[in-house]
Amino acid sequence: MAFGGANDRNDLPRLARIDPKLFDILFSGCKVERYAAGQHLFVQEDAADRIYGVMSGTVEISIYSPGGQKLVANIELSRSLVGEIGALDGRPRTATAICLTACELVSLSRTQLFDRIERNPPLARAMIELLCARLRWISGELGDQAFFGIEARLAKRLVFLAEVMADSAGWIPISQSELGEFLGATRESVNKTLNDWRARSFIAIKRGGLRITDTGALRHIAESQDDD
């Protein structure tokens, strides 16, 4: 993601998805695998030998420092791919993938992946486009970390999470500690910002979740450079 304006970054895909028809071709004939909430698909630095497709549920992708500090890189939902980087280059996993909810997945070995790409050339282009989207996303995240403060980054993340995780009433099932892990920020700094936004009627908060009540206000904050 290039260091353009905030609007440019907000328009880019966050979920690792390819065309639905190509998704079906990629995983044609694969048996559905069921995973419980809290079950790992793989751990950072594991040997990489499979690519996963999410049929249902939510998968969290996280990065850990040598000291154990956690940074949530992304979440993947239905029809998303998980683990494609390691499956393509054969090197150790770059992140940890864990099921946040009960999940139904399909998967291919690295050998099966390349066999299907060779037999279906459009899959190769789709995977290249997906990797480019990943790189742009990471570039944008680095830019946000460097040039924007906690308020702008938190507002941007909440708008994104509302789009992909909110229930029918608009509630996002996430704790303040988990939000801190998404941002690489402390729970205290997140708590202070959220309480301020609640006082200004931008959000509502309940135990284990929050809801945006003024999306326009958060979008304005997300697009405003923080000079603090």
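The paragraphs below set out a description of the structure included in this document. (Residues numbered from 1 in each chain as written. Predicted model: local features only at pLDDT ≥ 70, side-chain atom pairs only at ≥ 80, totals over all residues. Heavy atoms only, no water.)

**Some remarks on the packing of aromatic side chains**
Summed over the entire model, instances satisfying the criterion amount to three aromatic pairs. The interplanar angle of 55° and the centroid separation of 5.0 Å between the aromatic rings of Phe23 and Phe27 together place this pair among those described as tilted. Summarising the burial analysis for this pair, Phe23 and Phe27 share the class buried. Of note, Arg93 hangs over the ring of Phe42, and the distance from its end group to the ring centre comes to 3.9 Å. Positioned over the ring face of Trp171 is Lys206, at 4.5 Å from the centre of the ring. (Phe/Tyr/Trp six-rings, centres within 6.5 Å; stacked < 30°, edge-to-face > 60°. Buried < 20%, exposed > 50% of the residue type's maximum accessible area, 1.4 Å probe, protein only. Lys NZ or Arg CZ within 6 Å of the ring centre and 35° of its normal.)

**Description of helix α6 (residues 150-165)**
Relative to the 22 Å expected for 16 residues at 1.5 Å per residue, α6 spans 21 Å between its end C-alpha atoms, a close match to the ideal helical length. Among the residues of α6, those classed as buried are Ala152, Arg153, Leu154, Ala155, Lys156, Arg157, Leu158, Val159, Phe160, Leu161 and Met165. (Helix = DSSP H or I, 4+ residues; strand = E, 2+ residues; numbered from the N terminus. Expected span 1.5 Å × (residues − 1).)

**Some words on the nonpolar core**
Residues Leu154, Leu158, Leu161, Leu179, Leu194, Trp197 and Leu218 are the most contacted members of the largest nonpolar core, which totals 25 residues. Those elements that provide at least two residues to this core are β5 (70-76), α6, α7 (176-183), α8 (187-199), β11 (209-212) and α9 (215-222). Broken down by element, the residue count for this core peaks at seven residues, all from α6. For Leu158, the residues in contact, after removing those within four places along its chain, are Ile172, Leu179, Leu194, Trp197, Leu210, Ile212 and Leu218. Leu22, Phe27, Cys30 and Met127 belong to the second-largest nonpolar core, a separate cluster that totals 19 residues. (Core = buried A, V, L, I, M, F, W, Y, C linked by side-chain atoms within 4.5 Å. Contact = heavy atoms within 4.5 Å.)

**Considering the sheet that holds strand β10 (residues 203-206)**
The strand order β9-β11-β10 describes an open sheet built from three strands, whose pairing is antiparallel. Each end of this open sheet is capped by a strand with a single partner; those strands are β9 (171-172) and β10. Where β9 lies against β11, two bridges are found, and the strand directions are antiparallel. Directly across from Trp171, in β11, lies its bridge partner Arg211. Against the sheet, α8 touches β10 and β11, its axis set at about 120° to β10. (Pairing = 2+ DSSP bridges. Axes fitted to C-alpha atoms, helices over the stretch in contact; angles between N-to-C directions.)

**Some details on the pattern of salt bridges**
Summed over the entire model, instances satisfying the criterion amount to 12 salt bridges. Between Asp115 and Arg119 there is a salt bridge whose closest N-O contact spans 3.0 Å. Remark: Arg119 and Asp115 occur in helix α4 (residues 110-119); sequence separation between them is four residues, near one turn of the helix. Judged by relative accessible area, Arg119 falls into the exposed class, the value being 54%. Here Asp144 ties to Lys156 by a salt bridge, and the two come within 2.5 Å at their closest N and O atoms. With Asp144 in helix α5 (residues 121-147) and Lys156 in helix α6, this pair connects stretches of sequence that are 12 residues apart. (Salt bridge = Lys/Arg side-chain N within 4 Å of Asp/Glu carboxyl O.)

**Focus on the pairing of strand β3 (residues 50-56)**
Note that β3 and strand β8 (residues 103-109) share six bridges and pair antiparallel. Paired with Ser56 across the two strands is Glu104, which belongs to β8. The pairing of β3 with strand β6 (residues 81-82) spans two bridges and is antiparallel. Looking across to β6, one finds that Tyr52 is bridged to Val82.

**Quick look at the environment of Asp19**
Position of Asp19 among the secondary structure elements: in the loop between α1 (6-10) and α2 (20-26). For Asp19, a relative accessible area of 40% gives the class partly exposed. Each C-alpha atom of the pair Asp19 and Glu84 lies 15 Å from the other, and the pair is 65 residues apart in sequence. Of the polar contacts made by the side chain of Asp19, one reaches the backbone nitrogen of Lys21; its length is 2.8 Å. (Polar contact = N/O pair within 3.5 Å; in protein donor to acceptor, adjacent residues only side chain to side chain.)

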